[in-house]
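Coordinate inspection notes
This is what each chain is made of:
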Amino acid sequence: MRILFENEAYGQDLLDNLGLSAYAFYERGGSTGMLPYVGYIYSAKANDAIFILPKVFLFHGSGDESKGEFAFGKYRINDIIEVSAEHNPLKEEGLDKILFGLSAWIYQAIDKYSIRHPKNGIVKRTTNQGVRSHNGEEDQTLIDRILALLKFHREHSNLFTYISRIKSSGNRKIHWGKTISKVQPILQGGTPLYMEFKNKAKVVDMDEELIILFYSVLQYLRQFYCFPVKPDLNYELIKPNRIDSMIESGRGTRMLLKIRRKYFKDEFVQLWKLLYTFFSQSETIRSGKCSEEALLVSTFDRVFEDMVDNLVGDDECSSLKSNDDGKEIDHIFIEKSFLEDKSIYYIGDSKYYSYNNPIDSKSIAKQFTYARNIIQINIDIFNKAESERKESDRKTCKTMRYRDPLTEGYSFTPNFFIRGYINAEDMKDGHACYGEERLVPYEQQIRINTHFGNRPFDRDTLILKAYNINFLFVLAAYVANGGDKQTKERIQRRFRSDLLVEYNKKFDFFKVTPKEAQITDFIEQNFKKFHGQMYHAEGAGFIWFAFDTETGMTEKQLSSDLNGEAEIEQVELSS
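Attention in this report is confined to the structure presented alongside it.

What counts and what doesn't
- Residues numbered from 1 in each chain as written.
- Predicted model: local features only at pLDDT ≥ 70, side-chain atom pairs only at ≥ 80, totals over all residues.
- Heavy atoms only, no water.
- Helix = DSSP H or I, 4+ residues; strand = E, 2+ residues; numbered from the N terminus.
- Buried < 20%, exposed > 50% of the residue type's maximum accessible area, 1.4 Å probe, protein only.
- Contact = heavy atoms within 4.5 Å.
- Areas by Shrake-Rupley, 256 points an atom, 1.4 Å probe, with all protein chains shown as cover.
- Axes fitted to C-alpha atoms, helices over the stretch in contact; angles between N-to-C directions.
- Parallel < 35°, antiparallel > 145°, perpendicular 65-115°, else oblique.
- Nonpolar A, V, L, I, M, F, W, Y, C, P; charged D, E, K, R; others polar.
- Phe/Tyr/Trp six-rings, centres within 6.5 Å; stacked < 30°, edge-to-face > 60°.
- Lys NZ or Arg CZ within 6 Å of the ring centre and 35° of its normal.
- Pairing = 2+ DSSP bridges.
- 1 Å grid on protein atoms, 1.4 Å probe; cavity = no way out; pocket = protein on both sides within 12 Å on 5 of 7 lines; lining within 4 Å.
- Points joined across faces, edges and corners; volume = space filled by probe spheres on them.

Quick word on the overall build of the chain
Counting secondary structure elements, the chain contains 15 helices and 23 strands. With 575 residues in all, the chain has 51% of them scored as buried. Of all intrachain contacts in the chain linking residues separated by at least 6 positions in sequence, the fraction that spans at least 24 positions is 70%. With the model as given, the accessible surface of the chain reaches about 28,200 Å², and the carbon-plus-sulfur share is 45%.

Considering the packing of helix α9 (residues 300-312) against helix α12 (residues 471-480)
Where α9 meets α12, the axes come as close as 9 Å, and the angle between the chain directions of the two elements is 75 degrees. Taken together, the axes of α9 and α12 are roughly perpendicular relative to one another. In this structure, α9 contributes F300, F304, D306, M307, V308, N310 and L311 to the contact, and α12 contributes F471, F473, V474, L475, A477 and Y478. For the contact of α9 with α12, the class distribution of residues is eleven nonpolar, one polar and one charged.

Some details on the packing of aromatic side chains
Applying the stated criterion to the full structure yields 37 aromatic pairs. Here F412 and F457 contribute two aromatic rings whose centre-to-centre distance is 5.3 Å and whose plane-to-plane angle is 25 degrees, an arrangement assigned as stacked. Separated by 45 residues along the polypeptide, F412 in the loop between α11 (391-399) and β15 (415-421) and F457 in the loop between β18 (440-441) and β19 (464-470) bring together distant segments of the chain. This pair shows no difference in class: F412 is buried, exactly as F457 is. Centroid distance F457 to Y535: 5.8 Å. Interplanar angle 40 degrees. Geometry classified as tilted. Linking F457 in the loop between β18 and β19 with Y535 in strand β21 (residues 534-535), this pair joins segments that are 78 residues apart in sequence. A single burial state applies to F457 and to Y535, both of which are buried. The ring of Y478 has K112 sitting right over it, with the charged end atom 4.8 Å from the ring centre.

Describing the pairing of strand β22 (residues 543-548)
Counting buried positions over the six residues of β22 gives five, a clear majority of the element. Pairing of strand β20 (residues 507-514) with β22, which is carried by six bridges, proceeds in the antiparallel orientation. When the bridges of β22 are listed, F507 appears paired with D548. With two bridges joining them, β21 and β22 adopt antiparallel strand pairing. Paired with M534 across the bridge in β22 is F545.

What to know about unusual backbone geometry
Although it is not a glycine, N7 sits at a positive phi angle of roughly 60 degrees. With respect to the helices, strands and loops of the structure, N7 is situated in the loop between β1 (2-5) and β2 (9-11). Given a relative accessible area of 31%, N7 falls into the partly exposed group. Look at N563: it is not a glycine, yet its phi comes out positive at around 60 degrees.

Considerations on the layout of surface pockets
If you add up the space inside the second largest pocket, you get close to 700 Å³. S319, L320, Y345, I377 and I381 are, among the 25 residues lining the second largest pocket, the residues nearest its centre. Elements that contribute at least two residues to the lining of the second largest pocket include exactly β14 (343-351), α10 (361-383) and α11. Tallying contributions element by element places α10 first for the lining of the second largest pocket, with six residues. Of the residues contributing to the lining of the second largest pocket, the split by class is seven nonpolar, ten polar and eight charged.

This is the structure we're talking about:
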């Protein structure tokens, strides 16, 4: 197995030897080429599987950042290309044992994306159409076959253990009838002594042949792809070089055809089919009847966007993603407002940058535009006459609100970037940590967008925050379960609680309750002086006031500005 990386420079000789020249982009007159893809290729020329991993796996190590980015934070990309090579430094920490699993997850993510978005046009798929699977699944790569074998092993390991125990359960019990009839004893003092015994062996001969072949194939794949599957059964397996010879000569499929009629149990019929398609596809590739097979994506950022949206986005908001000005929002979901018991839209944008690259100013400007567009969509609904509103519009009016008609203040619009990252600690000792989302704020300071200074409730006052999320977690959630509801809700709440902290840092909040005047009259009296600094939550007996923390507004100062006509309490926004 070979490992390369997206958009990294490789020598032309290497690319030629691996049969990848047709996929590479070369500078005019240059001797190096770049692969602008992520995914899998089986190269007939190299007779090997090649995985091109996303650039997210390239980042600075714990040392001097001036030395550049390294694979998994510590390895030079040209030193780890051939994973199974003895000198490969990946073996030092057992990373060679997780690379197939990691590459397979990337492969499955691209495959899932191509199914979810069949008309996108960014996925290149080449398969061996001549391979017959005996179950109609012909549009599959060799990796699909290997993954199916591994899945079968996971799901049926107890079956093999049970059969092995049956086979060996009688080996320790003496069959005296067979021993007396077939073994000549030695008489000593008139007492027969038996030097050999016949056991009550229960052998499942019919199934054993298929099980031995199955585990032999797994052992062969383990050697070439370095994944940790080790049979703990009492079988003498076929050596990997003999399995390779069976593929080379075509004996694998011939052997399976000879024993095809022996199996009736569903699990063994299924196993026979899996082994047959594996050998058939391997033999086709080895014979040179096909030049290659591949599953590649040319813009992995679209796959990453779909992965994140699967984890945080709400399907019910999907119609809002395409804006009238041509802008496309990556992620949008509904969560509780910061100011009242209503909902608000949370707007996110995926950034598939290299981990150490800052978010550019163009992306920041576009994200502020996305927020303004969503605000306008909501305002347009409220501006309609009641008779013109659709049922969905009426539901929106009941459950969410952006503009308060009394103060003309606007509720906050949560806005964020989300980037994938790899923690080097997650990939060591032959283990990859897929289980924790670890949503952490990104260190880059992103400015607040304002039109007027010190008007927190103005329509154009927008805060934008950036986060990093464990790429491996996002990947696993996308491939394994499609983003379960509880995980999605937990992450959405995490965005809300963290953005609350950010707003509390930027603004001082006060609950202002008029002493005598009605709320409507109080707002009208103070409207001009505090425009953009007031917001009235529907049905509340108080008014929100907010000021930039730089002003240093105190309760006493605010009371004085309001002529002592209200009770004032300084508070923080809370969940």
